[in-house]
Amino acid sequence: MASPQSVTVDQVRLILSEVIEALESPDYAPKLDEAKEAAGNEMLKMMQIVFPMVVQIEMETIKRHGLSNSREGIVQFTQIVREMERADNEVARLHAQIRAHYLPPVSISSTVDTSL
């Protein structure tokens, strides 16, 4: 089993790319679309229905790369990704693409008064 400290940027990019491929595959995309439709615009439902599906796919993917597919393993992998995305634009882009599957885009109104 690979240790989280030994995971390289290239491995993280590969894992994230494989997660995206799985999310967009004919096996999972229809199920995700159905779950998103069931959740509607409700963030709580999105986190209850869609997010676990995405995490399960991530866990299956990291297991194939020698990392633990436990809750602790996915937390460690996510921490690695968060650290790497600060320094690597490709990791940041890929991670944002995955998050877009369960987090709706946030638009900030330009009419909001931010002068406090």
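The rules behind each value
Residues numbered from 1 in each chain as written. Predicted model: local features only at pLDDT ≥ 70, side-chain atom pairs only at ≥ 80, totals over all residues. Heavy atoms only, no water. Helix = DSSP H or I, 4+ residues; strand = E, 2+ residues; numbered from the N terminus. Buried < 20%, exposed > 50% of the residue type's maximum accessible area, 1.4 Å probe, protein only. Contact = heavy atoms within 4.5 Å. Salt bridge = Lys/Arg side-chain N within 4 Å of Asp/Glu carboxyl O. Axes fitted to C-alpha atoms, helices over the stretch in contact; angles between N-to-C directions. Parallel < 35°, antiparallel > 145°, perpendicular 65-115°, else oblique. Nonpolar A, V, L, I, M, F, W, Y, C, P; charged D, E, K, R; others polar. Expected span 1.5 Å × (residues − 1). Arc of directions from axis to C-beta. Core = buried A, V, L, I, M, F, W, Y, C linked by side-chain atoms within 4.5 Å.

## As for the overall build of the protein
On a plain count of helices and strands, the protein comes out with 5 helices and 0 strands. Element order for the protein, N to C, with α for helix and β for strand: α-α-α-α-α. The proportion of buried residues among the 116 residues of the protein is 32%. In the protein, of all internal contacts separated by at least 6 residues, the share reaching a separation of at least 24 is 64%.

## Here's the deal with the pattern of salt bridges
Oppositely charged side chains are able to pair whenever their charged atoms sit close together. Applying the stated rule across the entire model yields 7 salt bridges. A salt bridge links E85 to R82; its shortest N-O distance comes to 2.4 Å. Note that E85 and R82 are positioned in helix α4 (residues 71–87) at a spacing of 3 residues, about one turn of the helix. For E85, a relative accessible area of 13% gives the class buried. The class for R82 is partly exposed, based on a relative accessible area of 41%. The residue E90 makes a salt bridge to R93 at a minimum N-O spacing of 2.8 Å. Residue E90 and its partner R93 are located together in helix α5 (residues 89–99), separated by 3 residues, close to a single helical turn.

## Focus on the packing of helix α3 (residues 43–64) against α4
At a closest axis distance of 10 Å, the pairing of α3 and α4 adopts a crossing angle of 90°. Taken together, the axes of α3 and α4 lie roughly perpendicular to each other. Along the contact surface, α3 presents V55, E58, M59 and I62, while α4 presents R71, G73, I74 and F77. Broken down by class, the residue content of the contact of α3 with α4 amounts to 5 nonpolar, 1 polar and 2 charged.

## Quick look at α4
When the terminal C-alpha atoms of α4 are compared, their 25 Å separation across 17 residues agrees well with the 24 Å that a helix rising 1.5 Å per residue should span. Every buried residue of α4 is accounted for by G73, I74, F77, I80, V81, M84 and E85. Summarising the axial view, the buried residues of α4 lie within an arc of 130°, below the 170-degree limit, and thus occupy one face. The exposed set on the far side of α4, more than 90 degrees from its buried face, consists of R71, E72, E83 and R86.

## Focus: the nonpolar core
Membership of the largest hydrophobic core comes to 28 residues, with the highest contact counts inside it found for V12, L16, L23, V50, V54, F77 and I98. Elements with a contribution of two residues or more to this core: α1 (9–23), α2 (29–39), α3, α4 and α5. Apart from residues lying up to four places away in sequence, V54 is in contact with L23, L32, I98, H101 and Y102.

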